[in-house]
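# A closer look at the structure
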Amino acid sequence: MDKEQLNGYRYFLKDSIRKKIDFRLTDQNQGILVPPIEKSCPEGSKRIDLPDFNTLKDLQKTDLTHAIGNRKSHRVYLNQSLLLNELAYLLWCTQGLQGKIVNGHAHRTVPSAGCRHALETYLAIFNVDGINPGMYRYLPLSHQLVFEFSDDLLPEKMTTASFGQSYPGKSAVTFIWVAIPYRMEWRYGLAAHKVIALDAGHVCQNLYLACESIGAGTCAIAAYDQEELDELLGLDGKDEFAIYLASVGKIKKNF
Ligand SMILES: Cc1cc2nc3c(=O)[nH]c(=O)nc-3n(C[C@H](O)[C@H](O)[C@H](O)COP(=O)(O)O)c2cc1C
């Protein structure tokens, strides 16, 4: 391996960049308007209300210690649909709002550097009760889904876009986390990118634990065809691009 190249990539994992940034020059400190905390929806788009969190509490079949102790990656799922309230629960656990927006900050069920939350959640839905298969996006601010598009070949396309891994196309739903880097760059400039990746890790771990607690299973997926997946999602690959996926489905469980 090329040592110099390795050092370049390792640099990304460090926080040395922070000492090189003049934070007075960040867009935030230059008084540039804060970017939206949620991607907007085209006019007239079809939205689906999700069950309120207060109706989701009874779904949990195990406690946190059991969920943490038993968490593992599941790549094979039962041919059983996920209930809409189960999907709503998984979305709330991974990106849900904890309360009201205060001073432009929408605290969520996961931490995020500077509370910037630079991720959007796309959902390739294949087997969720009451939802037609297709691509959707979660809207945390209103706890809704917005319909993106349908495609009869979506299962095959998800598998191809994951370098032939079958589970993203054979799941009940596959979560695709998309970064909108400017949301983080606005505050941190060149120090934004590592923390976006760290944020995504928290989100996916919550998905593992939440799945474990309701008799579902998930598998994190970081091996995917960047350009193909972005194109499938209709993202420009510059200001918005996929960074992480996780397939989800029901599994055989003994609580
Ligand atoms: C960042 C990350 C990326 C991963 N990418 C993939 C992947 O592309 N395909 C896959 O089958 N598993 C993937 N995994 C799952 C790991 O293979 C799995 O976590 C590991 O084998 C340990 O197994 P366990 O999760 O059951 O403990 C990924 C896990 C993480 C945390």
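Each chain has its residues counted from 1, following the order in which its sequence is written. It should be noted that, the model being predicted, local features are given only for residues of pLDDT at least 70 and side-chain atom pairs only at 80 or more, the latter also being counted only at that level, while totals for whole chains, interfaces and linings use all residues. In computing side-chain values, all of the structure's heavy atoms are included and hydrogens and water are not.

### With respect to the overall build of the protein
Here a strand is any run of E in DSSP of at least two residues, a helix any run of H or I of at least four, and the numbering for each starts at the N terminus. Helices and strands together make up the secondary structure of the protein, namely eight helices and seven strands. Radius of gyration here uses only the C-alpha atoms, and the compact-globule reference equals 2.2 Å multiplied by the residue count raised to the power 0.38. Relative to the compact-globule value of 18 Å for 255 residues, the protein shows a C-alpha radius of gyration of 19 Å, a close match. When the backbone C-alpha atoms are referred to their principal axes, the protein occupies close to 55 × 50 × 40 Å. Categorising residues by exposure relies on relative accessible area from a 1.4 Å probe, with only protein chains included: less than 20% of the type maximum marks a residue as buried, more than 50% marks it as exposed, and the intermediate range marks it as partly exposed. Expressed as a percentage of the 255 residues in the protein, the buried residues total 47%. Throughout, a contact is declared for two residues whenever any of their heavy atoms are within 4.5 Å. Sequence separation of at least 24 residues holds for 76% of the intrachain contacts in the protein that already meet a minimum separation of 6. Each accessible area is a Shrake-Rupley result for a 1.4 Å probe, and residues are judged covered by the shown protein chains and nothing else. Of the roughly 13,200 Å² of accessible surface on the protein, 52% is carried by carbon and sulfur atoms. A positive count includes Lys and Arg, and a negative count includes Asp and Glu. His and the chain ends are not counted in either. Positions of charges follow a simple convention, taking NZ of Lys, CZ of Arg, CG of Asp or CD of Glu. On the protein, the mean spot of the 28 positive side-chain charges and the mean spot of the 29 negative ones are 8 Å from each other.

### What to know about the side chain of E38
Position of E38 relative to the elements: it lies in the loop between α1 (3–13) and β1 (47–49). Notably, E38 is buried but unbridged: the nearest opposite-charge side chain belongs to R47, and the N-O separation is 5.6 Å. Every residue in contact with E38, bar those within four places of it in the chain, is listed here: E120, L139, P140, L141, S142 and R183. Every case where a carboxyl oxygen of Asp or Glu lies within 4 Å of a side-chain nitrogen of Lys or Arg is listed as a salt bridge.

### Things to note about the confidence of the model for the protein
As a per-residue measure, pLDDT reflects the predictor's confidence and takes values from 0 up to 100. This prediction gives the protein a mean pLDDT of 95; 100% of its residues lie at or above 70. Of all helices and strands in the protein, the one with the weakest mean pLDDT is helix α2 (residues 64–70) (94), whereas strand β5 (residues 173–179) scores best (99).

### Considerations on the site of the ligand
One heavy atom within 4 Å of a molecule or strand is enough for the residue carrying it to be called near that molecule or strand. All residues in the neighbourhood of the ligand are listed as R71, K72, S73, R75, Q165, Y167, C219, A220, I221, A222, A223 and Y244. Here a polar contact means two N or O atoms within 3.5 Å. Within protein one must be a hydrogen donor candidate and the other an acceptor candidate, and residues neighboring in sequence count only if both atoms are side-chain atoms. Between the ligand and S73 there is a distance of 2.6 Å, counted from an oxygen atom to a side-chain nitrogen or oxygen. Considering every element that reaches the shell around the ligand, the biggest residue donor is strand β6 (residues 216–221), with three residues. Any residue that is not Ala, Val, Leu, Ile, Met, Phe, Trp, Tyr, Cys, Pro, Asp, Glu, Lys or Arg is counted as polar, Gly included; the first ten are nonpolar and the last four charged. For the shell around the ligand, the per-class residue count stands at seven nonpolar, two polar and three charged.

### Here we look at the nonpolar core
Residues belong to one nonpolar core when they are buried, are Ala, Val, Leu, Ile, Met, Phe, Trp, Tyr or Cys, and are joined through side-chain atoms within 4.5 Å. L90, L145 and F175 are the most contacted members of the largest nonpolar core, which totals 46 residues. Elements with a minimum of two residues in this core: α3 (84–95), β2 (119–125), β3 (134–139), β5, α6 (182–188), α7 (192–214) and β7 (241–250). Ranked by residue count, the leading element in this core is α7, at 11 residues. Counting 22 residues, the second largest nonpolar core, distinct from the first, contains L154, M158, Y167 and L233.

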